Amino acid sequence: MKNKIIKSSNWLIAVCFLITSCQLSIINCQGQSITRTQIISNAVPYTTYTFTTTASNIKHSVSCSGVGNIITPSWVVIGNNTSMPYCWGGFSTLASFTSKLTQGKSAGDDGSEICAVGVDCSGFVSRTWGRATKESTSSIPNISTALSSASLVQPGDCFNKAGSHVRLVETNYGNGNYRVIESSANGWHVAYNTYTASQLSAYVPRKYVNVTNTITPPPANDNCSSAQNIIPNTTCVTTAGTLAGATASGLAKGTCDVNSGTPLLYDVWYNFQAAATTQTVTLSPSSGLDAVLVVYTSCTAGQIGCSDSGGGAGGTETVVATGLTIGTTYYVRVYNAGANAPATSTFNICVTG
């Protein structure tokens, strides 16, 4: 059944009424097993995806095949844009989105995917869950299990309101707040948003039936209180580290961080006891990690050095900390420059002086 969507710039949630594909194919409903890490890895590129549009991809109330007027989201401009646009009924992959732009389709729309391209709320969740065909908010209950409490959700689960909207869980803070990734009218694109339990009270927390509970545990030095000690040396004696499974400490990004916005920063911690008034901290990341290195006087503040080369993944970061007090303990924070939690990013770190 085709439902009517009321266009309104004041909406915070776009309505997602779609065909129930689960009723069409048992094979597609059964699907393949997928880990929580894979689901989040599928989701994040939709938030960071960069695409280029021309005038043909921007429509201002252009009639389309009798389904109404196409309106490209106002944030889309001619040239470079970032994040996948919202499109009612959309089920695009990154590759298909790029291809259809060359055909002159609108880069997103709040009315129909016939003349536009992008993803809507359930199309986005369907892609992240690895579905072969598109689900609707009404069919998601057929391929997921309701959880008894919102507090039980984990990364890769969702908050679903059948016939209305669905949100993919990215982080459960454990305090009644939840960070989600969603395609919605809250910006008309795929983005991170944080909600309280009361804001989600009309939604049912659900777990995808084919998700495995395998999730990388946080490293031992995930928090500053359990920072791993590094002994300074005259030469670089490296300590191996990883951000796999890291959680966010909540501390603001370093002042050298060249990334815009305020992404959730998944970090790990080290400390060292100054053996000289000047110490050099060197971080050598793997090719998959665009790292930021920050040195502090405490776990909560007192930045005394920061390095973000801005050269992309794999670039060495170095902080030369001066004016140190010999015998005093200082803290080192390592995090990924992007908004996502890296799944396998490793690095080596050392302190010399």
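Our structure is the block above this text.
Report follows, based on the coordinates. Along each chain, the written sequence defines residue order, and numbers are assigned to residues from 1. Whole-chain, interface and lining totals are the exception, using all residues; otherwise, since this is a predicted model, local features are given only for residues with pLDDT of at least 70 and side-chain atom pairs are given and counted only at 80 or more. Just so you know, side-chain values use all the structure's heavy atoms and leave hydrogens and water out.

1. A word on helix 2 (residues 36–48)
- Along its 13 residues, helix 2 runs 19 Å from first to last C-alpha, staying within 8% of the 18 Å computed at 1.5 Å per residue.
- Regarding helix 2, the residues found buried are Arg 36, Ile 39, Ile 40, Ala 43, Val 44, Tyr 46 and Thr 47. All buried residues of helix 2 lie within an arc of 155° about the axis, which places them on one face of the element. In this text, helices come from DSSP runs of H or I with a minimum length of four residues, and strands from runs of E with a minimum of two, each type numbered from the N-terminal end. Every helix has an expected span of 1.5 Å times one less than the residues it contains. Note on classification: 1.4 Å probe, protein chains only; a residue is buried when its accessible area is under 20% of the maximum for its type, exposed when over 50%, partly exposed between these limits. An arc is given here, and it is the one of the directions from the helix axis to the C-beta atoms.

2. Here we look at the sheet that holds strand 16 (residues 239–242)
- Two strands pair if DSSP finds at least two bridges between them. The strand order 16-23-18-21 describes an open sheet built from four strands, whose pairing is antiparallel. For this open sheet the edge positions go to strand 16 and strand 21 (317–321), each flanked by a neighbour on one side alone. For this sheet, the mean inter-axis angle between neighbouring strands, taken without regard to orientation, is 20°.
- Relative to strand 23 (residues 346–352), strand 18 (residues 279–285) is paired through six bridges, and the arrangement is antiparallel. Across the sheet, the residue bridging to Pro 285 is Phe 347, located in strand 23. Throughout, an axis means a line fitted to C-alpha atoms (over the contacting stretch in the case of helices), and angles, computed between N-to-C directions, take values from 0 to 180 degrees.

3. Examining the pattern of salt bridges
- Put simply, a salt bridge is a Lys or Arg side-chain nitrogen that is within 4 Å of an Asp or Glu carboxyl oxygen. Tallied over the entire structure, the rule returns six salt bridges.
- Residue Lys 134 pairs with Asp 120 through a salt bridge whose shortest N-O separation is 3.3 Å. With Lys 134 in the loop between helix 4 (121–128) and strand 8 (144–146) and Asp 120 in the loop between strand 7 (116–117) and helix 4, this pair connects stretches of sequence that are 14 residues apart. Taken individually, Lys 134 and Asp 120 each receive the classification buried, so the pair is uniform in this respect.
- Note that Arg 131 is salt-bridged to Glu 135, the shortest N-O span being 3.1 Å. Comparing Arg 131 with Glu 135, the two get one shared label, buried.

4. Focus: the nonpolar core
- To define a nonpolar core, start from buried Ala, Val, Leu, Ile, Met, Phe, Trp, Tyr and Cys residues and group those joined through side-chain atoms within 4.5 Å. Residues Phe 97, Phe 124, Trp 129 and Leu 168 are the most contacted members of the largest nonpolar core, which totals 30 residues.
- Among the elements of the structure, helix 2, helix 3 (94–101), helix 4, strand 10 (165–172) and strand 12 (189–196) are those that each provide at least two residues to this core.
- At five residues, the largest contribution of residues to this core is made by helix 2.
- Residue contacts are defined here by distance: any two heavy atoms, one from each residue, within 4.5 Å place the two residues in contact. Setting aside residues no more than four positions away along its own chain, Phe 124 makes contact with Ala 43, Tyr 46, Val 119, Leu 168, Ile 181, Glu 182, Ser 183 and Val 190.
- Of all hydrophobic cores here, the second largest spans 23 residues; its members include Tyr 270, Ala 291, Val 319 and Val 332.

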